[in-house]
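In case you want the letters, here they are:
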Amino acid sequence: MRFLQPATWSEALEMKAAYPDARPIAGGTDVMVEINLDRNRPATIIDLSRISDLAEWGPEGAVVRVGAAVTYTRLIAELSDRLPALALASRTVGSPQIRNRGTVGGNLGTASPAGDAHPPLVAQDALVELGSTAGTRRVPARDFFVGPKRSAKRADELIAAFLVPPASGPQQFAKVGTRNAMVIAVCSFALTLNPVTRQVGTGIGSAGPTPLRAVEAEEFIAGVLHEQQAWETRQRISDSMLRRFGELAAAATRPIDDVRGTADYRRQAVSVLARRCLGWAWEDYRRS
Ligand SMILES: Cc1cc2nc3c(=O)[nH]c(=O)nc-3n(C[C@H](O)[C@H](O)[C@H](O)COP(=O)(O)OP(=O)(O)OC[C@H]3O[C@@H](n4cnc5c(N)ncnc54)[C@H](O)[C@@H]3O)c2cc1C
């Protein structure tokens, strides 16, 4: 196996251009499992761990730019205030050891429909920054995923970062698994409230071939909140409206039956998660 260790981002891009089949490795929590189980034995590996820019984050205009190799542990410790839904999702990833190594860049690289970082990125309309020797482009997270474990990233590209607007209101994330910890999502849901634009964002995980958005549910509840002037009065959302939001979220799923759960169970669970996330986030807003 050829093992490449670039010290800079431009060196990494040149290596990826020279070896388009090379497998980048960040935390290795997906790559090493595949190698250990002999599912995939790449001829060339590009180790990204020496590129310091990749592990940095900071403001860029109105958004936060987070390097692809920032770990979940650091996201939780350093970005919980700016990116609460992503931090909540990060808390549910694996174990402390996995969160110490695993990165959102790696989650995006694998592009599993069950990746826990994806629903918050979709709900927040994040951008994924991709780099190659030909240049840099930014793809909306909502367009990044094109199928199960397939993304818009080209073979000559690496993921540099993702860009997210910092939270301007309450956010939530909830996940159903077959046990309480160290578990791949049976399904998950992220919700963002934006009291400034009066928009509601959603992201659904593990209930379709890609992470999904519940557009009708978003529009329905934004309409209700507007009509009832609820952003101003901070009144409660009725149970029937919460239930309807959940039903519309479930209708946006495209689940399958698999070893972790049936399609029917996933639809039902998404409706419950969506209702709960909206209820919790709205209560946070009312109290703020
Ligand atoms: C025990 C265990 C529990 C887990 N639990 C969860 C969980 O609860 N939720 C969850 O979502 N995931 C979970 N995972 C999966 C894994 O931890 C995550 O997907 C993690 O985000 C991968 O990050 P990484 O840095 O380790 O990626 P790596 O393994 O280094 O890479 C993953 C993929 O992304 C590519 N890649 C990495 N960085 C880049 C880059 N900068 N540019 C282009 N491609 C890149 C790699 O080539 C590879 O294809 C678990 C894994 C294990 C082993």
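Anything mentioned here points back to the structure above.
Here's a quick rundown of the structure. (Residues numbered from 1 in each chain as written. Predicted model: local features only at pLDDT ≥ 70, side-chain atom pairs only at ≥ 80, totals over all residues. Heavy atoms only, no water.)

**Some words on the sheet that holds strand β1 (residues 2–4)**
Then comes step 1: Pairing in this open sheet of three strands is parallel, and the strands run β1-β3-β2 from one edge to the other. Looking at which strands have only one partner, the edges of the open sheet turn out to be β1 and β2 (23–25). Averaged over all pairs of adjacent strands, the angle between their axes in this sheet comes to 25°, without regard to strand direction.
Then comes step 2: By the bridge criterion, three bridges tie β1 to strand β3 (residues 44–47) in an arrangement that is parallel. Of the residues in β3, the one forming a bridge with Arg-2 is Thr-44. (Pairing = 2+ DSSP bridges. Helix = DSSP H or I, 4+ residues; strand = E, 2+ residues; numbered from the N terminus. Axes fitted to C-alpha atoms, helices over the stretch in contact; angles between N-to-C directions.)

**Quick notes on the site of the ligand**
Then comes step 1: Inspection of the region around the ligand gives 31 residues, with Pro-24, Thr-29, Asp-30, Tyr-72 and Thr-103 positioned closest.
Then comes step 2: At 3.5 Å from an oxygen atom of the ligand is found a main-chain nitrogen or oxygen belonging to Thr-92.
Then comes step 3: Here an oxygen atom of the ligand and a side-chain polar atom of Asn-107 are 2.9 Å apart.
Then comes step 4: If the ligand stood free it would expose 970 Å²; the protein chains cover 89% of that surface.
Then comes step 5: Elements represented by at least two residues in the shell around the ligand include exactly β2, α2 (31–36), α6 (104–110) and β10 (158–164). (Near = heavy atom within 4 Å. Polar contact = N/O pair within 3.5 Å; in protein donor to acceptor, adjacent residues only side chain to side chain. Areas by Shrake-Rupley, 256 points an atom, 1.4 Å probe, with all protein chains shown as cover.)

**Observations regarding the nonpolar core**
Then comes step 1: Among the nonpolar cores identified, the biggest contains 40 residues, and Leu-75, Val-104, Leu-108, Leu-121 and Phe-144 are the most heavily contacted of them.
Then comes step 2: Only α1 (9–18), β5 (63–67), α3 (72–79), α6, α7 (118–123), β6 (127–132), α8 (141–144) and β10 provide two or more residues apiece to this core.
Then comes step 3: Of the residues forming this core, the biggest block, six residues, is contributed by β10.
Then comes step 4: Ignoring anything within four residues of it in the chain, the contact list for Val-104 reads Ala-68, Val-70, Tyr-72, Leu-75, Ala-117, Leu-121 and Phe-162. (Core = buried A, V, L, I, M, F, W, Y, C linked by side-chain atoms within 4.5 Å. Buried < 20%, exposed > 50% of the residue type's maximum accessible area, 1.4 Å probe, protein only. Contact = heavy atoms within 4.5 Å.)

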